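Examination of the molecular architecture
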Amino acid sequence: MSEFERKVLDVLREPMESGEVTISRALSKQTFPANFQLVAAMNPSPTGFYNDNRSTPEQVLRYLSRLSGPFLDRIDIQIEVARLPKGMWANDDSRAETSAEVRQRVEACHQRQIKRQGKVNAELSSTELKQYCRLSANDSEFLELAIEKLRMSTRAHHKILKIARTLADIEAKADIEHEHLIEALSYRAMDRILRHLTEQVA
């Protein structure tokens, strides 16, 4: 993803947010449906790994600046692929779920969302978040502290709630629980990496 020019990626911000794209020309202006799912990958540094000691924090931050903050904010799930531990390839885990089993769980999760609110969690409005993604007082305080510490935006806050609601739905839980919030926060890898690098440079 980082090989694309920043201005090219930023063009995606409007359809990622609204599900529509507007094309303006001298004589007309047309809006088209553009509801899509973006899946992208990138190296977290110009040398392949952000703490491999082959790039300075300044170089890594310059590299990552190819992605604007508003663009990153619109990506629901950001996962860092860590190095596999020693001996991982030798382990034969025959207990792993099959694709059919995973599909069954995902379909059940999807149906719970449609039955509860008539739409998937990703499409919930700010008002609907308050209705369907309620947290306990302790969890609300925990999330606010995490948002402040990682310097996340309101948009990122909303996405964390939606992901946590989905994690609860996968487990058929009526309410979002603390572990769902923790897991949802773990899916904001770029926020953590950028904060870590910024502190090193400061």
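So, here is what we can say about the structure in this document. The model shown is predicted, which means the values in this text are computed figures rather than measured ones.

Here we take up unusual backbone geometry. Here Arg151, not a glycine, exhibits a phi torsion of approximately 55 degrees, which is positive. With a relative accessible area of 61%, Arg151 lands in the exposed category. Phi at Ala172 takes a positive value of approximately 60 degrees, unusual for a residue other than glycine. Structurally, Ala172 can be placed in the loop between α8 (154–170) and α9 (178–186).

A volume near 250 Å³ is recorded for the second largest pocket. Every residue lining the second largest pocket is listed: Ser126, Leu129, Lys130, Cys133, Arg134, Leu135, Ser140, Leu143, Glu144, His157, His158 and Leu161. For the lining of the second largest pocket, the secondary-structure elements that each account for two or more residues are α6 (126–132), α7 (137–149) and α8. Looking at side-chain class alone, the lining of the second largest pocket contains five nonpolar, four polar and three charged residues.

Our focus in this paragraph is helix α5 (residues 99–117). A rise of 1.5 Å per residue sets the reference length of α5, with its 19 residues, at 27 Å; its end C-alpha atoms lie 27 Å apart and thus fit the reference within 8%. Buried within α5 are the following residues: Cys109, Gln113 and Gln117. When α5 is viewed along its axis, its buried side chains cluster within an angular range of 40 degrees and face the same direction. Structural note: α5 exposes Ala100, Arg103, Gln104, Gln111 and Lys115 on the side pointing more than 90 degrees away from its buried face. At its buried positions, α5 is contacted by α6 and α8. Two residues or fewer after α5 comes Gly118, characterised by a positive phi angle close to 80 degrees.

Attention now goes to the side chain of Gln113. Position of Gln113 relative to the elements: it lies in helix α5. Classification of Gln113 by relative accessible area gives buried; the value is 5%. Among the polar contacts listed, one links the side chain of Gln113 to the backbone nitrogen of Asn121, at a separation of 2.9 Å. Each residue touching Gln113, except ones within four places of it in the same chain, is listed here: Gly118, Lys119, Val120, Asn121, Thr166 and Asp169.

Before going further, it helps to spend a moment on the packing of helix α3 (residues 57–64) against helix α10 (residues 189–201). For the pair α3 and α10, interaxial distance at closest approach is 9 Å and the crossing angle is 140 degrees. Relative to α10, α3 is oriented oblique. Once α3 is placed against α10, the crossing between them reads as left-handed. Where α3 abuts α10, its residues Pro57, Glu58, Val60, Leu61 and Leu64 lie against Met190, Ile193, Leu194, Leu197, Thr198, Gln200 and Val201.

Before going further, it helps to spend a moment on a nonpolar patch on the surface. On the surface, Ile77, Ile79 and Val81 cluster together into a nonpolar patch covering about 320 Å² of accessible area. Mapping Ile79 onto the fold places it in the loop between α4 (69–73) and α5. Of the residues examined, Ile79 reaches a relative accessible area of 58% and is grouped as exposed.

About the criteria used
Residues numbered from 1 in each chain as written. Predicted model: local features only at pLDDT ≥ 70, side-chain atom pairs only at ≥ 80, totals over all residues. Heavy atoms only, no water. Buried < 20%, exposed > 50% of the residue type's maximum accessible area, 1.4 Å probe, protein only. Helix = DSSP H or I, 4+ residues; strand = E, 2+ residues; numbered from the N terminus. 1 Å grid on protein atoms, 1.4 Å probe; cavity = no way out; pocket = protein on both sides within 12 Å on 5 of 7 lines; lining within 4 Å. Points joined across faces, edges and corners; volume = space filled by probe spheres on them. Nonpolar A, V, L, I, M, F, W, Y, C, P; charged D, E, K, R; others polar. Expected span 1.5 Å × (residues − 1). Arc of directions from axis to C-beta. Contact = heavy atoms within 4.5 Å. Polar contact = N/O pair within 3.5 Å; in protein donor to acceptor, adjacent residues only side chain to side chain. Axes fitted to C-alpha atoms, helices over the stretch in contact; angles between N-to-C directions. Parallel < 35°, antiparallel > 145°, perpendicular 65-115°, else oblique. Left-handed = near helix turned anticlockwise from the far one by under 90°. Patch = residues over 30% accessible without salt bridge, like charges linked within 9 Å, V, L, I, M, F, W, Y side chains within 5 Å. Areas by Shrake-Rupley, 256 points an atom, 1.4 Å probe, with all protein chains shown as cover. Salt bridge = Lys/Arg side-chain N within 4 Å of Asp/Glu carboxyl O.

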